[in-house]
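# Close look at the chain arrangement
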Amino acid sequence: MKKIRDAISKVVYGFSYVSMAVCFVMVFVVAIDVILRKVSGQTISIKGSNEFSSYFLIVITMLAIPVMQVKKGHVWVSMFVDMMPKKLRSLWLGIVLFIETIVSAALCYGSVSQAFTLIENGRATDVLNMPWWPFAFVCAFGFLELTVLLLIDTIQSFIDIKNGGQSEEPAAEFML
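Rules of the game
- The numbers attached to residues start from 1 for each chain and follow its sequence in the written order.
- Two thresholds apply to this predicted model, a pLDDT of at least 70 for residue-level local features and 80 or more for giving and counting side-chain atom pairs, whereas whole-chain, interface and lining totals are computed over all residues.
- The side-chain values count all of the structure's non-hydrogen atoms but skip hydrogen atoms and water molecules.
- Working convention: axes come from line fits to C-alpha atoms, limited for helices to the stretch in contact. Angles between N-to-C directions cover 0 to 180 degrees.
- The numbering of helices and of strands both runs from the N terminus, where a helix is a DSSP run of H or I of at least 4 residues and a strand a run of E of at least 2.
- Roughly parallel means an angle under 35 degrees; roughly antiparallel means over 145; roughly perpendicular covers 65 to 115; every other angle is labelled oblique.
- The crossing is said to be left-handed when, going from far helix to near helix, the turn is anticlockwise and less than a right angle, and right-handed when the turn is clockwise.
- Under the scheme applied, nonpolar residues are Ala, Val, Leu, Ile, Met, Phe, Trp, Tyr, Cys and Pro; charged residues are Asp, Glu, Lys and Arg; polar residues are all the others, including Gly.
- As used in this record, nonpolar core signifies buried Ala, Val, Leu, Ile, Met, Phe, Trp, Tyr and Cys residues forming a set joined through side-chain atoms within 4.5 Å.
- Here's how the labels work: a residue is buried when its accessible area is under 20% of the maximum for its type, exposed when over 50%, partly exposed in between, all with a 1.4 Å probe on protein chains only.
- Residues are treated as being in contact if the distance between any of their heavy atoms lies within 4.5 Å.
- What makes a salt bridge here is a side-chain nitrogen of Lys or Arg within 4 Å of a carboxyl oxygen of Asp or Glu, nothing more.
- Here a helix's expected span is defined as the number of its residues, less one, multiplied by 1.5 Å.

## What to know about the packing of helix 4 (residues 86-121) against helix 5 (residues 133-162)
- As a packed pair, helix 4 and helix 5 sit with axes 7 Å apart at the nearest point and diverge in direction by 160 degrees. Taken together, the axes of helix 4 and helix 5 are roughly antiparallel relative to one another. Judged by the twist between their axes, the crossing of helix 4 over helix 5 is left-handed.
- Split into classes, the residues belonging to the contact of helix 4 with helix 5 amount to 25 nonpolar, nine polar and four charged.

## Some points on the nonpolar core
- Val22, Met26, Val29, Tyr55, Phe56, Val59, Ile60, Leu63, Met130 and Phe135 form the largest nonpolar core, which has ten residues in total.
- For this core, the elements supplying multiple residues, two or more each, are helix 1 (2-40) and helix 2 (49-70).
- Among the elements that take part in this core, helix 2 stands out by supplying five residues, more than any other.
- Excluding its chain neighbours within four sequence positions, the residues that come into contact with Met26 are Ser53, Phe56, Leu57 and Ile60.
- Counting residues in each nonpolar core, the second largest holds six residues, with Ile8, Val67, Val70 and Leu149 among its members.

## What about unusual backbone geometry?
- A positive phi angle, near 60 degrees, is found at Asn129, a position not held by glycine.
- Mapping Asn129 onto the fold places it in the loop between helix 4 and helix 5.
- Residue classification places Asn129 among the exposed positions, given a relative accessible area of 55%.

## A look at the pattern of salt bridges
- Scanning the entire structure with this criterion turns up three salt bridges.
- Lys2 serves as the salt-bridge partner of Asp6, at 3.5 Å between the closest nitrogen and oxygen. Taken together, the positions of Asp6 and Lys2, both in helix 1 and four residues apart, correspond to about one turn of that helix.
- Across the salt bridge formed by Asp153 and Arg5, the nearest N and O atoms sit 2.5 Å from each other.

## Considerations on helix 2
- Counted at 1.5 Å a residue, the expected span for helix 2 with its 22 residues is 32 Å, and the 32 Å between its end C-alpha atoms agrees.
- Downstream of helix 2 by a residue or two, Lys72 has a phi angle that is positive, lying close to 55 degrees.

## Regarding the side chain of Ser49
- By secondary structure assignment, the location of Ser49 is in helix 2.
- Classification of Ser49 as buried rests on a relative accessible area of 6%.

In structure tokens form, the structure reads like this:
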């Protein structure tokens, strides 16, 4: 399981660089737009900068969420969870991850379904007339990455129960 997770993690990290590049571009677009509006007294701005920002945030968010799962970014209350026996802790984590896997898979399916609906209806943005469907596919891809990672982590949690407890503690920087 660890080798599969490591291979998927490399893909996730690779696509996270896309989200970083998009974030870099978004900062410049927004900064230039704000400067133009301030200098010109609201008469000059970049046409569609709000749409660009919305789309850029979709890409950034959907490609960055799986990175948090790779880094074992589970948020839980240490005071409560750390008092549990290791087997119970693994069971608790396995149940939570199982539910998250189902939700993520449903969101992936919904994103693909929405993308095809947007293609059929020819939906586009108001100002720039950009199609909506590519961003629905970005969402689907992000949820697909997350679903696969969650599934692997769920299986590992139940393997850990069989082996007597949790194999790895979650990263400390994400604990409450």
